[in-house]
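# Structural overview
This is what each chain is made of:
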Amino acid sequence: MIRRFKNFAPRALVVGDLMLDVYLWGKTNRVSPEAPVPIVDVERTSVVLGGAGNVANNLLALGAKVYAAGAIGDDKSGAELKALLENGGVDTSALTLQRGRKTSRKTRVMSAHQQIVRFDDESKEPLSADDERALQKAIETILPQVDIALLSDYGKGVLTGSITRFIIDAAKALGKKIAIDPKGADYSKYKGATLITPNRKEAGEALGRALPNLESAREAGAKLRRDFALDYAIITLSEDGMMVCGENSGAHIPTRAREVFDVTGAGDTVLAALGFALGAGASIEEAAYFANVAAAVAVSKIGSATVTIDEALAYEYRHSLNQSQNKIVSLEQAAQEAAKAKQSGKKVVFTNGCFDLLHRGHIEYLKKSREQGDLLIVGLNGDRSVKALKGENRPIISEEDRAYMLSSLAFVDFVAPFDDPTPIELIKAVKPDVLTKGADYKGAQIAGGEYAKKVVLVDLVEGRSTTNMIAKILAGIEAK
């Protein structure tokens, strides 16, 4: 799925608090005689874009055309920041210079891949009325040229209430999407945006309560979406992935990270990847999947890292190779995984089928099933079971190959083959929160339905079935 993004170069406007991230890299071998603190022998210094600048940098790395809007000071850091943007290919015509403002500069001292200390030098006061008007005028010129607007709010005074409202209203009037990484406890200024991307802590602060598990995150996302008239609320959950809350449900996307070295700028990467994908015309599900993979790549690096499409593709491929075989489980293992998921607040979904000659109808059905909860277990009719149901000439594809193909799908969490005529024993063991079946089962007795909290009938793609495919193939052979 990620591969298709290589063909796109969406145009994105990034508005927000632009910063410089400075890293002092060195080694620590002794403690200061003056105080109980480590002495770092600095070996090199690196300066990269941070804050909204890191969002812009990530978009550039993905292949987008980027416009940056914000305020910088008339100081050395401001000139350095503007030069970094322009050298990377960012259009800076919407940058405004604020006299007397200190451009945000965050300096981190690093030793042995660890941050020892950070010190900040910056201004935090809101823009003046004159500076607001200048920034609005610059943004008004750029907005018609872009596919999406991204607001990166670090609470440093650029995204004031009036500026934020102006951008949202102007973008919506032009039919543009607006994605926002929010800051602070009052989200009223973000009302009407396409989506916001708070992390667990930020969302909890905005609602005045902790979010200890997935269900509380789902409820929080739904409330944020309703209260602030958003199309979507996406809550990033660190090691738990992200919760994507839309009009009908909250879908949990597990983390893809295998190794975490540094979470600096991970939120910037998520915002950039979401913006890139949505600007390229992707659905929210596709965009969230892409952002999840990009974040996993970013946290495996040190510092404010960027991610390329090729890196995301490579990570996705390695992850699929590692995970596919591990996802094929026995009845006992399926029951254990379901119990473990429920204990952590996840909603377990179960469905089953033969899935012989995997086709679009199967894919859409499984995707819709996964949207009903956080963990999808697929009961796969074994070869003997398929033969009993479909006849001596079936299955066309062996149980082993069918299980492998299903387990390679990102939205399938576990595949549990079974040989009984029905999956009742498997459903009884899993005790799913939701049992899904095709809409063609309407009015029929559904095997195992009594062991699920809820049964959901899923619409099927018309005209797509393995039986029809086999009939067409045979008809073509006979015609010859």
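Worth saying up front: this structure is predicted, and the values here are computed from it rather than measured.

A few words on helix α6 (residues 214–227). Each α-helix winds once per 3.6 residues, and so residues spaced three or four apart point in a common direction. Here α6 is 14 residues long and its end C-alpha atoms lie 20 Å apart, about the 20 Å a rise of 1.5 Å per residue gives. Three or more residues of α6 are buried, namely Leu 214, Ser 216, Ala 217, Arg 218, Ala 220, Gly 221, Leu 224 and Arg 225. Where α6 is buried, its residues touch β10 (195–196), α5 (200–207), β11 (232–236), β12 (242–245) and β13 (250–253). The distance from a side-chain oxygen at the start of α6 to the backbone nitrogen of Glu 215 is 3.3 Å, and the residue carrying that oxygen is Asn 213. With its phi angle positive at about 50 degrees, Ala 229 sits one or two positions after the end of α6.

Take the packing of α5 against α6 next. With their axes 11 Å apart at the nearest point, α5 and α6 run at an angle of 60 degrees to one another. With respect to their mutual orientation, α5 and α6 come out oblique. The way α5 lies across α6 gives a crossing that is left-handed. Together, Ala 203, Ala 206 and Leu 207 of α5 and Ala 220, Lys 223 and Leu 224 of α6 make up the contact between the two elements. Grouping the constituent residues of the contact of α5 with α6 by class yields five nonpolar, no polar and one charged.

With that out of the way, let us pick up unusual backbone geometry. Between Arg 394 and the following residue, Pro 395, the backbone shows a cis peptide bond with an omega angle of 5 degrees. With respect to the element layout, Pro 395 can be found in the loop between α12 (383–390) and α13 (399–407). Of note in the backbone geometry, Phe 355 takes a positive phi value of approximately 50 degrees without being a glycine. Looking at the element boundaries, Phe 355 is found in the loop between β14 (348–353) and α11 (360–370). The class for Phe 355 is buried, based on a relative accessible area of 5%.

The side-chain alternation of β12 yields two buried faces, one formed by Met 242 and Val 244 and the other by Met 243 and Cys 245. With four bridges joining them, β12 and β13 adopt antiparallel strand pairing. Within the sheet, the bridge partner assigned to Cys 245 lies in β13 and is Gly 250. Between the antiparallel neighbours β12 and β13 lie four residues.

One pass over the structure, following the stated rule, counts one cavity of 30 Å³ or more. What lines the largest cavity is Asp 17, Leu 18, Ala 71, Ile 72, Gly 73, Arg 101, Lys 102, Thr 103, Ser 104, Ser 123, Lys 156 and Val 158. Broken down by element, the residue count for the lining of the largest cavity peaks at three residues, all from strand β4 (residues 65–73). Considering only residue class, the lining of the largest cavity consists of four nonpolar, four polar and four charged.

Quick look at the packing of helix α7 (residues 266–279) against helix α8 (residues 284–299) now. At a minimum axis separation of 8 Å, α7 and α8 run at an interaxial angle of 145 degrees. Judged by the sense of rotation from one axis to the other, the crossing of α7 with α8 is right-handed. Counting all contacts with α7, which are made through Ala 266, Thr 269, Val 270, Ala 273, Leu 274, Phe 276, Ala 277 and Leu 278, the residues of α8 involved are Ile 284, Ala 287, Ala 288, Phe 290, Ala 291, Ala 294, Ala 295, Ala 298 and Val 299. In terms of residue class, the contact of α7 with α8 is built from 16 nonpolar, one polar and no charged.

What counts and what doesn't
Numbering of residues starts from 1 in each chain and follows the order in which that chain's sequence is written. Residue-level local features of this predicted model are given only where pLDDT is at least 70; pairs of side-chain atoms are given and counted only at 80 or more, and the full residue set underlies all totals for whole chains, interfaces and linings. Excluded from the side-chain calculation are hydrogens and water; included are all heavy atoms of the structure. Helix and strand definitions here come from DSSP, where helices need a minimum of 4 consecutive H or I residues and strands a minimum of 2 consecutive E residues; each element is numbered from the N-terminal end. One fewer than the residue count of a helix, multiplied by 1.5 Å, yields its expected span. Exposure is judged per residue with a 1.4 Å probe applied to protein chains only, and the accessible area is read against the type maximum: over 50% gives exposed, under 20% gives buried, and values in between give partly exposed. Residue contacts follow a heavy-atom distance rule, with two residues in contact if any of their heavy atoms lie within 4.5 Å. Polar contact criterion, stated in full: a pair of N or O atoms within 3.5 Å, where within protein one must be able to donate a hydrogen and the other to accept it, and residues adjacent in sequence count only if both atoms are side-chain atoms. Between the N-to-C directions of two axes lies an angle of 0 to 180 degrees, each axis being a line fitted to C-alpha atoms and, for a helix, fitted only over the stretch in contact. Note on angle classes: values under 35 degrees are labelled roughly parallel, values over 145 roughly antiparallel, values of 65 to 115 roughly perpendicular, and the remainder oblique. Should the near helix be turned anticlockwise from the far one by less than a right angle, the crossing is left-handed, and should it be turned clockwise, the crossing is right-handed. Nonpolar residues are Ala, Val, Leu, Ile, Met, Phe, Trp, Tyr, Cys and Pro. Charged residues are Asp, Glu, Lys and Arg, and all others, Gly as well, are polar. A pair of strands is treated as paired once DSSP finds two or more bridges between them. Both site types are read off a 1 Å grid over the protein atoms alone. A 1.4 Å probe that fits but cannot get out defines a cavity, while an open set with protein on both sides within 12 Å along at least five of seven lines defines a pocket; lining residues have an atom within 4 Å of a point. Grid points are joined across faces, edges and corners, and a volume is the space filled by probe spheres set on the points.

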